[in-house]
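Listed below are the residues making up each chain.
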Amino acid sequence: ITIGDFTAYLLYVKMFIQPLRKLINFTEQYQNGMTGFERFMEIINEETEKEPENPIELENIKGNIEIENVSFTYEDDNEVFKNLSLSIEAGKTVALVGPSGGGKTTLCNLIPRFYEFDNGDIKIDNVSIKDVSLKSLRKNIGVVQQDVFLFTGTIRDNIICAKPDATDEEIIEAAKKARIHEFIESLPEGYNTYI
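Conventions we followed
- Residues numbered from 1 in each chain as written.
- Predicted model: local features only at pLDDT ≥ 70, side-chain atom pairs only at ≥ 80, totals over all residues.
- Heavy atoms only, no water.
- Helix = DSSP H or I, 4+ residues; strand = E, 2+ residues; numbered from the N terminus.
- Buried < 20%, exposed > 50% of the residue type's maximum accessible area, 1.4 Å probe, protein only.
- Phe/Tyr/Trp six-rings, centres within 6.5 Å; stacked < 30°, edge-to-face > 60°.

1. Observations concerning unusual backbone geometry
Phi is positive for N60, close to 50°, though the residue is something other than glycine. For N60, the position within the fold is in the loop between α1 (3–44) and β1 (65–73). What makes N60 exposed here is its relative accessible area of 75%. Unlike most non-glycine residues, N83 shows phi in positive territory, near 50°.

Structure follows, in structure tokens:
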């Protein structure tokens, strides 16, 4: 074929494919938008966490934890554990060991009431967590995630994310308890080092 015919052929193919690409892109955007909208609606329709009628504020916590005959089942009827009892004395370290999906993380999430258990009770210093305000309960529980994640910002910003009004002394004390104070001090900008 001639160069002119070949060029015309390419232009016709491009003219034919371009609307198809637009249609495919629109379909993809529509599907992404609908998926995002469905997730948004799930979050909007999520039930708010329930506070007890007369919430108790935790003060001067020692840290004795009593788990008494606790059962927990996920919404899909997946029973994680039934009538679990466990006593953890203040200051003691307890290791939960088992296969993936065995309920270790779920048990840890029940204590700060990220999940509500089906029956039984969990007490901190002989006070049922069902009677404690969520703010007070979670303020007195430190959670260490399995996966470490640092936010963009300074080391100071990452330490104070749980308590924005923390003083310099509290920040240094937290770093010392995490055994990273010496490392932070060795950095050129110390606690103001950008991550």
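Structure's up, so let's keep going.
2. Brief notes about the packing of aromatic side chains
Taken as a whole, this structure holds five aromatic pairs when the rule is applied. On the numbers, 4.9 Å between centres and 85° between planes, the contact of F72 with Y74 is edge-to-face. An angle of 80° between the planes, with centres 5.8 Å apart, marks the rings of Y74 and Y115 as edge-to-face. Of this pair, Y74 sits in the loop between β1 and β2 (79–88) while Y115 sits in the loop between α2 (104–110) and β3 (119–124), and the two are 41 residues apart along the sequence. Among the aromatic residues, ring-to-ring pairing joins F72, Y74 and Y115 into one connected group.

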